[in-house]
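Coordinate inspection notes
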Amino acid sequence: MKPLKELTRPNVWRLKPYSSARDEYKGVSASVFLDANESPYNNPINRYPDPLQGEVKALLAQVKQVPAENIFLGNGSDEAIDLLFRAFCEPRIDNVVAIDPTYGMYQVCAEVNDVEYRKVLLDENYQFTADSLLAVADEHTKVIFLCSPNNPTGNDLCRDEIVKLLNTFDGLVVVDEAYIDFSDSPSFRFDLAKYPNIVVLQTFSKAWGSAAIRLGMAFASEEIIALFNKIKYPYNINILTQQQAISVLQRKEEVAAWVALLRQERARLADELLQLPLTEKIFPSQANFILARVADATAIYNYLVGQGIIVRNRHSVSLCGNCLRITIGTPEENNTLLNAMKEYKQ
Ligand SMILES: *Cc1c(COP(=O)(O)O)cnc(C)c1O
């Protein structure tokens, strides 16, 4: 890996961050707070939240077995994705490389930040090789985006190729693990010490059942986390979100039971969909959704909409012709879908 200073945009490296009232005072013994121009009324919503979310991170450090210094919290993973561009990619000069197909936000953030986005098509098994990504990278490639399990394909990316990329690419490698809780593979968050150039993304939006609170996690070296903290909005995670995150982290056994049930339903849904004449292929999934190739994705999508059932039509996505992406719901919801599909007349 190049020295972090060389990868970072010079303006960001030089930046002295905004210092908020709550940054300057960090004790616990005071009882009169007249430092931040808050209202003294409407407790507890009146106070600015902890800018570095110490309580949430202390709990997360235990749950995820990652030191708090290696954790960044953002307004969804989307904030961390955007900060990667803002911290490392000089508009119109630098570029990033990503697999195709994958999560759409990497490209949207690249375009918003005026950074070139280079795609490398996956193979017919939705796998990649480190060499194919390195072949399109150059001295201006700052970040490579991987997503495992991948969206919308559902499969884990080959671990050996991810490791090879981590060991050979001299910029940052992002491994988006939004769906890792549903996978049999271990997370890369345990390997931060081995790979100084890795940024692992996870989220409260999927397994943790908390998409509405908008909370994403990035796990990386202390130096990378410090850069994110330097350029983020001072109070990026509001107090309601912090409270809800603590609440759901304290119910992690309940969350584990949801995940176990969804994995079981994933296997059942895959089996039953495969019995239907309209199904051409069910791609193996390690996520909380199934990618299914069907006879006519757009016709079936429209039919399901008419039945009040919404799935995702991925027909126009690379390598996903005539594919529907179906999120695993409750057993009842999955039965409703299966019954509707059984009644579809080709
Ligand atoms: C759903 C999803 C996310 C979650 O994004 P949030 O902003 O945290 O809700 C991140 N990455 C991928 C690949 C996803 O599919």
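Residues numbered from 1 in each chain as written. Predicted model: local features only at pLDDT ≥ 70, side-chain atom pairs only at ≥ 80, totals over all residues. Heavy atoms only, no water.

If you walk across this open sheet you meet the seven strands as β1-β7-β6-β5-β4-β2-β3, and the pairing is mixed. Both edges of this open sheet fall to β1 (71–74) and β3 (116–121), since each of them pairs with a single strand only. Ignoring strand direction, the axes of neighbouring strands in this sheet form an average angle of 25 degrees. With six bridges connecting them, strand β2 (residues 95–100) and β3 associate as parallel partners. Opposite D100, over in β3, you have L121 as the bridge partner. (Pairing = 2+ DSSP bridges. Helix = DSSP H or I, 4+ residues; strand = E, 2+ residues; numbered from the N terminus. Axes fitted to C-alpha atoms, helices over the stretch in contact; angles between N-to-C directions.)

The end-to-end C-alpha distance of helix α13 (residues 331–342) is 16 Å, a good match for the 16 Å that twelve residues give at a rise of 1.5 Å each. Within the span of α13, buried status applies to N334, L337, L338, A340 and M341. Projected down its long axis, α13 carries its buried residues within an arc of 165 degrees, all on one side. The inward-facing, buried residues of α13 abut α11 (252–275), α12 (297–306) and β11 (323–327). (Expected span 1.5 Å × (residues − 1). Buried < 20%, exposed > 50% of the residue type's maximum accessible area, 1.4 Å probe, protein only. Arc of directions from axis to C-beta. Contact = heavy atoms within 4.5 Å.)

On to the nonpolar core. F128, L133, L146, L165 and F204 are the most contacted members of the largest nonpolar core, which totals 44 residues. Of all the elements, helix α10 (residues 239–249) adds the most residues to this core, at four residues. Each residue touching F128, except ones within four places of it in the same chain, is listed here: I99, L122, L133, L146, L157, C158, E161, I162 and L165. (Core = buried A, V, L, I, M, F, W, Y, C linked by side-chain atoms within 4.5 Å.)

A few words now on the pattern of salt bridges. Scanning the entire structure with this criterion turns up 16 salt bridges. In this structure, D191 and R159 form a salt bridge, with 3.3 Å as the shortest nitrogen-oxygen distance. Residue D191 is found in the loop between β5 (172–176) and β6 (198–203), and its partner R159 is found in helix α8 (residues 159–168); the two are separated by 32 residues along the sequence. Among the charged side chains, a salt-bridge network with shared partners connects E116, R118 and D138. (Salt bridge = Lys/Arg side-chain N within 4 Å of Asp/Glu carboxyl O.)

Moving on, we come to the sheet that holds strand β8 (residues 279–282). The sheet built from four strands is open, its strands ordered β8-β9-β11-β10 with antiparallel pairing. Either end of the sheet is taken by a strand with one partner, and the two such strands are β8 and β10 (312–313). The strands touched by α11 within the sheet are β8, β9 (289–294) and β11, with β8 carrying the most contacts at an inclination of about 150 degrees.

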